Amino acid sequence: MTNRILTGAKIATMPTAGGYGLIDQGAVAIRDGLVDWVGTDMPAEYSNWPNEDMAGRLITPALIDCHTHLVFGGNRAREFEMRLNGATYEEVARAGGGIVSTVTATRTASEDNLIEAALPRLDALITEGVSVVEVKSGYGLDADTELRMLRAARALGTLRDVRIKTSFLGAHAVPPEYAGRPDAYIDEVCLPTLQAAHAEGLVDAVDGFCEGIAFDTTQIARVFDAATALGLPVKLHAEQLSHIGGTALAAQYGALSADHIEYANAADAHALAKAETVAVLLPGAFYTLHETQMPPVAALRDQGVPIALATDCNPGSSPLASLLLVMNMGCTLFRLTPLEALAGVTCHAAQALGLTDTGRIAPGLRADLAIWDVAEPAELAYRIGFNSLHRRIFGGKG
Ligand code: DI6
Ligand code: FE
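Residues numbered from 1 in each chain as written. Chains lettered and ligands numbered in written order. Predicted model: local features only at pLDDT ≥ 70, side-chain atom pairs only at ≥ 80, totals over all residues. Heavy atoms only, no water.

A word on the packing of helix H5 (residues 143-159) against helix H6 (residues 182-199)
Defined as follows: Angles run from 0 to 180 degrees between N-to-C directions of axes, and those axes are lines fitted to C-alpha atoms, restricted for helices to the stretch in contact. Only DSSP runs of H or I with at least four residues qualify as helices, and only runs of E with at least two residues qualify as strands; both kinds are numbered from the N terminus onward. With respect to orientation, any angle under 35 degrees is reported as roughly parallel, any angle over 145 as roughly antiparallel, any angle of 65 to 115 as roughly perpendicular, and every other angle as oblique. In a left-handed crossing the near helix is turned counterclockwise from the far helix by less than a right angle, and in a right-handed crossing that turn is clockwise. It only takes one pair of heavy atoms within 4.5 Å for two residues to be counted as in contact.
Between H5 and H6, the shortest axis-to-axis distance is 10 Å and the interhelical angle comes to 40 degrees. It follows that H5 is oblique to H6 by the angle criterion. The way H5 lies across H6 gives a crossing that is right-handed. Contact residues: H5 offers Ala143, Glu146, Leu147 and Leu150, while H6 offers Val189, Thr193, Ala196 and Ala197.

If you want it as structure tokens, here you go:
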């Protein structure tokens, strides 16, 4: 790997102190895949390093998509049409559509089929400067398919220059064969499959869907207790469609993140702040489902809760594979600032995945960088459907 120095750039370092940490006419030295130095007055030791002039381009940390369901079979375009003919998302789900219809398509897909279907979605993210993608299971809802999904997710990280972080989401929905018996499903399928997936090294975190159409806090707590016993961090789809206590439960377990949280309240925001749990906002689902309940952004700000943004790429509520569009949606739909949007897909997204080696530009962190054909960071969230990536550097390569 060539050690080199990138010069003549505007650098958004995204420091832990907050703000863009902008460095004008700055340089960043890359040694053995890590950031060795970043600043303006280049130390003499770098004067004979290969030097690449960025010609004033913006450099940010490479982007991180901290919430996706990237691996799945089939698609749900027909349900999209149903909803546009008046059916609500919950009505589609209760009529046996929704998540369960993707389960059928995923159960019949081989690992290779799942990989082949996911790669175009992964490539779409990578072309926008993404270096880390979180991928959940949750469309198998039986042991074999959940394990196959997680193996496919792990395989994606060997087929592309990208880091994959996996989340076990066995508690995503109750499969048809357990209709009306959620507790039995948790006991007989979800928990044993979590054990098997962990034993195979397939799980980085454990997630759940805490919602009226999925699992209640008591059921999610049993999954979280099993995760804790295995030493695995947790995260949770919480307060997406109603308020049933998921956000508070996530905070109680010290979750890495609570996700969606449109129906969370000020008390929930306080609990997240105390637990240092990241609020992951998912405007793609809000937009696709034509939701109206906004997440409590003002309360999250007041409490100092780190806000992340992600695609929630999934075939039902967010068939979206553009983190740049998510930044624009975060600003336009949720009134985030462009700075909050950039932090949401870099340093706060890293925190939502428990990563401390990326998401910022600082000595000792990975040289995961995105170089943009823009002059100002705000342009990244401002543009709609216009990828301004000039180059992505992954672990010092590229
Ligand atoms: N919330 C969502 O919006 C997705 N899953 C979840 O827990 C929906 C997934 C799907 O509709 O396929
Ligand atoms: Fe999701």
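Looking at the pattern of salt bridges
Side chains that differ in sign of charge can pair as their charged atoms come close. Note the cut-off: We count a salt bridge whenever a side-chain nitrogen from Lys or Arg sits within 4 Å of a carboxyl oxygen from Asp or Glu. The classification of residues rests on relative accessible area computed with a 1.4 Å probe and restricted to protein chains. Under 20% of the type maximum is buried, over 50% is exposed, and intermediate values are partly exposed.
According to the stated counting rule, one finds 22 salt bridges in the structure shown. For the salt bridge of Arg222 with Asp183, the shortest nitrogen-to-oxygen distance reads 2.9 Å. Taken as a pair, Arg222 in helix H7 (residues 217-229) and Asp183 in helix H6 lie far apart in primary sequence, 39 residues in all. For Asp183, a relative accessible area of 37% translates into the label partly exposed. Put simply, Arg4, Glu52 and Arg391 are held in one network by salt bridges that share partners.

Quick look at H6
Here is the rule: Every helix has an expected span of 1.5 Å times one less than the residues it contains. The quantity called bend is, for any residue, the angle between two axes fitted respectively to the seven residues ending at it and the seven beginning at it.
Given a rise of 1.5 Å per residue, 18 residues ought to cover 26 Å, and the 24 Å separating the end C-alpha atoms of H6 matches this to within 8%. For H6, the principal kink sits at Cys190 and spans about 30 degrees; a proline, Pro192, occurs within the next four residues. Residues Ala184, Tyr185, Ile186, Val189, Cys190, Leu191, Thr193, Leu194 and Ala197 constitute the buried set of H6. Packed against the buried residues of H6 are H5, strand S8 (163-171), strand S9 (205-210) and H7. Remark: Gly201 follows H6 within two positions and exhibits a positive phi of approximately 70 degrees.

That is the geometry; function is a separate question.
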